[in-house]
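Here is how the chains run, residue by residue.
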Amino acid sequence: MAKEGGDKMNTIDINKATFVGIDAHPTTHTALAINRFEEEKGILTFANTKEGISTYLKWLPTIDSNQDNIIIGIEGGGNSRHALIANLLQTYQNIYEVNPLYTKQRRTFGTKTDKSDRRDAKLIAEVLTRKLSALPKITKHDLSAHMLVLRKTVWFYEQTTAQGVAIQNQLHQLRREVDLSNDTTEKRILRMIIGDLEKQLKNGRKTQKKCEEKLTILLERQGKNLTTIKGIKTILSAKIVAHSGGIERFANLDSFIQYAGIAPREKSSGKTKRHSKSKTGSRKLNHAFYMAAMVQLRWNSQAKEYFEKKVKEGKTKKHALKCLMKRTACIAYGMLRSGEDYKR
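The structure presented is a predicted model; accordingly, all values stated were derived computationally and were not measured. (Residues numbered from 1 in each chain as written. Predicted model: local features only at pLDDT ≥ 70, side-chain atom pairs only at ≥ 80, totals over all residues. Heavy atoms only, no water.)

Below, the discussion takes up the overall build of the protein. The number of helices and strands found in the protein is eleven helices and nine strands. Scored against the burial criterion, the 344 residues of the protein give a buried share of 45%. Long-range contacts, defined as pairs at least 24 residues apart, comprise 61% of the intrachain contacts of the protein with a sequence gap of at least 6. (Helix = DSSP H or I, 4+ residues; strand = E, 2+ residues; numbered from the N terminus. Buried < 20%, exposed > 50% of the residue type's maximum accessible area, 1.4 Å probe, protein only. Contact = heavy atoms within 4.5 Å.)

See the structure below:
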């Protein structure tokens, strides 16, 4: 019999398991249960309220009375799922985050391309039956006050940074218009707008500094040791921890690499073997490791030697950079697991 095992996870007979996919929304959730052979066992749409979640928790035992046999999948992202997950974690331990790209792939390449809550919930459940070992587990640590604050602070920093970039682009255009204008009134209005935008930009930089100070404190619990890697500082370390959701979620290094979207996809035919960029995984975590690799390439001599070695082996610079991203991710995984500082 096929069995699936994991970190702190009971051994489950997959052929007897019940897979429940949840399509989560701010106001309502839709849950659909299937067996190993993707035959439907039940469906429930419920409100995202205390009463609705209570109804769902009462419904689950009617589908499968053995709670250890139930494997639950919910699409990642968004705050609308927090209350539901917090209640589920009190009883169920096999809860997994399903990347929306997996369900998109199944919808695109299937015979039915329609999109509905019922359809999405079933696709999520189907992903569970096929890619369980590659999915990160959702734990109580994910919903801890510390992790939620860390994620929100990183999110706010990223939003402030994006707004700052937009303002800088606007200022560049407006200053050019002032130089080109011959109308006194137009120049006066443009300078007033420029002055206001410069104040916004200055306030944004102050906000970024405050966020960085807060993140320095938050990283004390997990992730501060990443700053011992030459070139990787507080913000990048915080992004890696926040976008991974905590290293405890991953059973092994392979699942972490897959979640980061760094593992290449093989496309082979006969004697020809090719690899393409993976389109699955967390794009935010992938971008964090891309930035980490770029910083390493500039400031870390060992990383630069590794990159040049891959180029000499015949790899393109793009492929060599991807190899460096994977190497950096492997180092980060080991450091987050052990809590130790970087060692050459």
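Past the structure itself, the notes keep going.
Bringing the nonpolar core into the picture now. Burial of nonpolar side chains together is a common tendency in soluble globular proteins. L150, L226, F256 and F289 are the most contacted members of the largest nonpolar core, which has 41 residues in total. Where this core is concerned, the elements lending two or more residues are α5 (145-180), α6 (184-218), α7 (234-244), α8 (253-259), α9 (283-299), α10 (301-312) and α11 (317-338). At nine residues, the largest contribution of residues to this core is made by α11. Once residues lying within four places of it in the same chain are set aside, the contact partners of F256 are S244, I247, F250, L285, F289, A329 and Y333. Counting 22 residues, the second largest nonpolar core, distinct from the first, contains I22, L44, I63 and L84. (Core = buried A, V, L, I, M, F, W, Y, C linked by side-chain atoms within 4.5 Å.)

In this section: α11. End to end, α11 covers 32 Å across 22 residues, agreeing with the expected 32 Å (1.5 Å per residue, within 8%). Along α11, the residues that are buried comprise A320, L321, K322, C323, L324, M325, T328, A329, A332, Y333, M335 and L336. The elements touched by buried residues of α11 are α7, α8, α9 and α10. Following α11 by one or two positions, G339 adopts a phi angle in the positive range, close to 80°. (Expected span 1.5 Å × (residues − 1).)

For the rest of this paragraph, the subject is the sheet that holds strand β4 (residues 28-34). Spatially, the five strands line up as an open sheet ordered β5-β4-β3-β6-β7, and their pairing is mixed. If you trace the sheet from one side to the other, it starts and ends with β5 (40-47) and β7 (95-98), each paired once. Looking at each pair of strands side by side, their axes are set apart by 20° on average, direction ignored. Across four bridges, the pairing between strand β6 (residues 70-75) and β7 is parallel. Following the sheet pairing, I72 is matched in β7 by I95. Along the sheet, helix α1 (residues 50-63) contacts β3 (18-24), β4, β5 and β6; its crossing angle with β5, the most-contacted strand, is approximately 170°. The sheet strands contacting helix α4 (residues 117-131) are β3, β4, β5, β6 and β7, and the helix crosses β3 at an angle near 135°. (Pairing = 2+ DSSP bridges. Axes fitted to C-alpha atoms, helices over the stretch in contact; angles between N-to-C directions.)

Tallying each qualifying case throughout the model produces eleven salt bridges. Its salt-bridge partner being E220, residue K224 comes within 3.0 Å of it at the nearest N-O pair. E313 is paired through a salt bridge with K315; the nearest N and O atoms lie 3.5 Å apart. Here the salt bridges do not stand alone but share partners, grouping R81, E97, D142 and R249 into one network. (Salt bridge = Lys/Arg side-chain N within 4 Å of Asp/Glu carboxyl O.)

Following both chains from N to C, one finds α9 and α11 inclined at 105°, their axes separated by 9 Å at the closest point. The angle between α9 and α11 places the two elements in the roughly perpendicular class. Side by side, α9 and α11 meet where N286, F289, Y290, A292, A293, M294, Q296 and L297 of the first sit next to L321, K322, L324, M325, T328, A329 and A332 of the second. Here the residues of the contact of α9 with α11 are counted per class, giving eleven nonpolar, three polar and one charged. (Parallel < 35°, antiparallel > 145°, perpendicular 65-115°, else oblique. Nonpolar A, V, L, I, M, F, W, Y, C, P; charged D, E, K, R; others polar.)

Our focus in this paragraph is the pairing of β5. Relative to β5, β4 runs antiparallel, the two sharing seven bridges. Bridge pairing in β5 links T28 to A47. In this structure, the hairpin formed by β4 and β5 is closed by a connection of five residues, where E38 is found at a positive phi of approximately 65°.

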